[in-house]
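Analysis of the macromolecular model
What follows is each chain in one-letter form.
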Amino acid sequence: MTEVIANTLRTQKEKLDCLLIHTPKSLGQEGGYAMIMAMGLLAMADWLEQNGYSALILNLGVEKIVDADFSIEHFLEHHDVGVIGISLHWHFQSLDVINLSKAIKAVRPEIPIVLGGYTASFFAGEILRNYASIDFVVCGDGEVPLLNLLNQLGVSTPDFSQVPNLVWRCRGDIVRNQLTYVAGPDDMAQLNFSNFELIKHFSTYTRIFLFMPYYSNDLLNDSKTFFLCVGRGCPVSCSFCGGGRPAQKIIFGRQGFVFRPIERVLETVRDAVEAGIKMVYVCFDPDPVKEYYLELFKAIRQKKINVAMTFECWSLPDTEFLRAFVSTFGNHRESKIVLSPDSGAERQRKQHRGFFYTNKNLLAVLRQLRSDNIFTEVYFTYPLPGDTLNDIEETDRFICTVEQEIGERGHVIIQDFGYDPGSPLYLHPESFNLQASVPTFANYCRRHDEDQLIPTSSSGDMEIYGHWIQRSKAAVAMSRAKALSRINRHEEAANYVREALKSIPGDWDALMLLGSCLEQLGKPERARLVYREAMRLYPSIVV
Ligand code: B12
Ligand code: SF4
């Protein structure tokens, strides 16, 4: 009788051959960083479906937004899951992925857990040696290996040596199968990146930010963004990047880069727009000539697909590219070009960036973008290993010039420096005069245990970066404050603004926000004083 009931219960559960999970880095209990999932998850899930398996992608950050009480344990009570794949793509996720795998094993020890993504691939051996909650790691491109793994797990005597790219345990040893699956042009042509139904709560997913300080519906944006896969790989080698030429070879076994066929990318864009997407985000620009994009944009215009685009340029765009960008996406105010010179000192740019350009040429592009009314984001980084006082001062001056050039239609972002596993700095710190000890996977887990978003490099005297550091601290505090005030937690919001004001005294936005928080807290007199102070910054406004 008990068995009959148990069987009935089992059949009521929803069957799922493979559950793919993305977990952000948690910020306490309330929010997350690295909310965006590896775009390859969608192609992988679809590939399983095409081959007869059921698959679903869960983003735990999104689930928490939809339902504050969401728990993976509860989800598993209602689903009969065959295999769980956890994406350990970004190193920021390290600790959360390990904790998640332990939590799953505690309730469902029989479900095999496989990891994949850049960080899992790079540290596969160390992960399998040290964490019993992980059964397998798929290195590099995942589609064919994951399918083969599912096939093997479905037979009575599996032979895991048949699964390409797999790292696994065999009688106490760690076995590393060869990296023989590297998606080439034909493989890329077969992959489908627009089976959006495979992502749970896809519509909410399109409205999140990279950094959600609090899981709340009220913080979702309306940009409806989709990260578009245009290809894979990179031909150059930026000092800090774990996706450049050397890392591609180690992690994926890939040399150079591969584009998806234009017709397939076009199909994905069209499907995305039909699914309600307003902005496609492209961060794949391996060919400085950008011919591929001239063709893609032309096709988008011919098909009259109406969508905005954010394009992260790896090399400097030329006039022809900019013209094509403007005529295809320029009618959307949200369309944006992102540039990352990192330093204002050309000698440092040459040292750290794979694609070099001069300040003069960069300013010419910014001028062009401004006259075309295209929003522009320009990234600088500190402390770059090897920065001299001269470089820092030069960068400081250059940031001002850039800010003047872009005016209201853009902004400069100054970010903390950090380097990825597999980057030239990680592999050869001595060539950059860095005396860093090489971090292990365990270091990445520990480092992100603290409430610290970005690892800092050990080089340089931080003090000399003075107001840059203050500026980025203030930006984090302000983004928390804005988020909190939107969800009516005005007391905490006011505290964050006060923290920001220590770094940016007299900042108009910060003062206005503080005033509004005080008003909401029923302190109109104090609010008025703060508003007055803000207005003093604008002498033309009479208070
Ligand atoms: C495009 C891109 C982005 C885009 C879009 C990312 C996306 N949605 O996938 C944007 C701009 C959003 C982005 C953001 C960031 N990125 Co980025 N990004 C890239 C870039 C240029 C290409 C990635 C790519 O094309 N992938 C190809 C697609 C189709 O496949 P895929 O997504 O990698 O998935 C495949 C495999 O990884 C694997 N896989 C992944 N998960 C799993 C899970 C399982 C179970 C299995 C079996 C397999 C598997 O199989 C998939 C299918 O084959 C790389 C550099 C490079 N040249 O590779 C950096 C890179 C991945 N990014 C990096 C970083 C650091 C970031 C940021 C943290 C930067 C920041 N400080 O803000 C953020 C994090 C965003 C977040 N999580 O919220 C680092 C990662 C280093 C590391 N080991 O952690 C890289 C390597 C280089 C770099 N420094 O930019 N990024
Ligand atoms: S940061 Fe440099 S090395 Fe990394 S993907 Fe971009 S261009 Fe390539």
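Quick look at the structure, then. Keep in mind the model is a prediction, meaning the values are calculated, not measured.

All right, on to the overall build of the protein chain then. For the protein chain, the count of helices and strands is 23 helices and 18 strands. Against the globule reference of 24 Å for 543 residues, the protein chain gives a C-alpha radius of gyration of 25 Å, in line with a compact fold. Summarising its shape, the C-alpha atoms of the protein chain cover approximately 80 × 55 × 55 Å along the three principal directions. A total of 543 residues make up the protein chain; the buried ones form 55% of that total. When contacts within the protein chain are restricted to residue pairs at least 6 apart in sequence, those whose partners lie at least 24 apart make up 74%. When the accessible surface of the protein chain is split by element, carbon and sulfur atoms take 50% of a total near 24600 Å². Here the protein chain contributes 55 positive and 65 negative side-chain charges, whose respective centroids are spaced 2 Å apart.

Another point: the site of ligand 1. Residues in contact with ligand 1 amount to 45 residues; listed here are only the nearest, Met 37, Met 39, His 91, Tyr 118 and Asp 420. At a separation of 3.1 Å, an oxygen atom of ligand 1 approaches a polar side-chain atom of Gln 248. Among the elements of the structure, helix H2 (40-50), strand E5 (79-87), strand E6 (113-116), helix H6 (118-122) and strand E12 (231-233) are those that each provide at least two residues to the shell around ligand 1. For the shell around ligand 1, the per-class residue count stands at 25 nonpolar, 15 polar and 5 charged.

Near ligand 2 you find Cys 234, Val 236, Cys 238, Cys 241, Gly 244, Trp 314 and Arg 353, and these make up its full shell. Taken together, the residues that form the shell around ligand 2 break down as 5 nonpolar, 1 polar and 1 charged.

Let us look at helix H16 (residues 359-371). End to end, H16 covers 18 Å across 13 residues, agreeing with the expected 18 Å (1.5 Å per residue, within 8%). Along H16, the residues classified as buried are Asn 359, Leu 362, Leu 363, Val 365, Leu 366 and Leu 369. Burial along H16 is one-sided: seen end-on, the buried residues are contained in an arc of 160 degrees. Exposed and facing more than 90 degrees away from the buried side of H16 are Lys 360 and Ser 371. In this structure, the buried side of H16 is in contact with helix H14 (319-329), strand E16 (336-342), helix H15 (346-352), strand E17 (375-382) and helix H17 (389-406). Trailing H16 by a residue or two, Asn 373 shows a phi angle of about 60 degrees, which is positive.

Okay, the packing of aromatic side chains next. The description of two aromatic rings rests on the distance between their centres and on the angle between their planes. With the rule as written, the count across this model stands at 33 aromatic pairs. A centroid spacing of 5.3 Å and a plane angle of 85 degrees characterise the contact between Phe 122 and Tyr 426, whose relative ring orientation is edge-to-face. Placement of the pair is Phe 122 in helix H6 and Tyr 426 in helix H18 (residues 424-427), with a sequence separation of 304 residues. Just as Phe 122 is buried, Tyr 426 falls in that class too. Each member of the aromatic cluster is reached from another via a ring pair, and the members are Phe 257, Phe 259, Phe 284, Tyr 292, Tyr 293, Phe 297, Phe 311, Trp 314, Phe 321, Phe 325 and Phe 329. The cationic tip of Lys 290 hangs over the ring face of Phe 321; the distance from NZ or CZ to the ring centre is 5.9 Å. Above the ring of Phe 356, the side-chain terminus of Lys 350 is found at 4.8 Å from the ring centroid.

What follows concerns the sheet that holds strand E2 (residues 25-27). Ordered in space as E2-E3-E10, the 3 strands form an open sheet in which the pairing is antiparallel. The sheet is open, and its two borders are formed by E2 and strand E10 (211-212), each paired with just one other strand. As judged from the 2 bridges shared by strand E3 (residues 31-33) and E10, these two strands associate in the antiparallel manner. Considered in E10, the bridge of Tyr 33 is made with Phe 211.

Take the nonpolar core next. Counting 122 residues, the largest nonpolar core has Tyr 293, Phe 297 and Phe 311 as the members making the most contacts within it. If you tally residues by element for this core, the top one is helix H20 (residues 466-486), at 8 residues. Ignoring sequence-local partners within four residues, the contact set of Phe 311 consists of Val 282, Phe 284, Asp 285, Tyr 293, Phe 297, Phe 321, Phe 325, Lys 336, Ile 337 and Val 338. Within the second largest apolar cluster, 48 residues are counted, among which are Ile 72, Ile 86, Phe 123 and Ala 247.

Let's shift gears to the environment of Phe 259. Note that Phe 259 resides in strand E13 (residues 257-259). Along the chain, Phe 259 and Phe 284 lie 25 residues apart, while their C-alpha atoms are 9.1 Å from each other. Excluding residues within four positions of it along the chain, Phe 259 makes contact with Val 230, Gly 231, Phe 284, Pro 286, Tyr 292 and Tyr 293.

Quick notes on the rules
Residues numbered from 1 in each chain as written. Chains lettered and ligands numbered in written order. Predicted model: local features only at pLDDT ≥ 70, side-chain atom pairs only at ≥ 80, totals over all residues. Heavy atoms only, no water. Helix = DSSP H or I, 4+ residues; strand = E, 2+ residues; numbered from the N terminus. Rg over C-alpha atoms; globule rule 2.2 N^0.38 Å. Buried < 20%, exposed > 50% of the residue type's maximum accessible area, 1.4 Å probe, protein only. Contact = heavy atoms within 4.5 Å. Areas by Shrake-Rupley, 256 points an atom, 1.4 Å probe, with all protein chains shown as cover. Lys, Arg positive; Asp, Glu negative; His and termini not counted. Charge placed at Lys NZ, Arg CZ, Asp CG, Glu CD. Near = heavy atom within 4 Å. Polar contact = N/O pair within 3.5 Å; in protein donor to acceptor, adjacent residues only side chain to side chain. Nonpolar A, V, L, I, M, F, W, Y, C, P; charged D, E, K, R; others polar. Expected span 1.5 Å × (residues − 1). Arc of directions from axis to C-beta. Phe/Tyr/Trp six-rings, centres within 6.5 Å; stacked < 30°, edge-to-face > 60°. Lys NZ or Arg CZ within 6 Å of the ring centre and 35° of its normal. Pairing = 2+ DSSP bridges. Core = buried A, V, L, I, M, F, W, Y, C linked by side-chain atoms within 4.5 Å.

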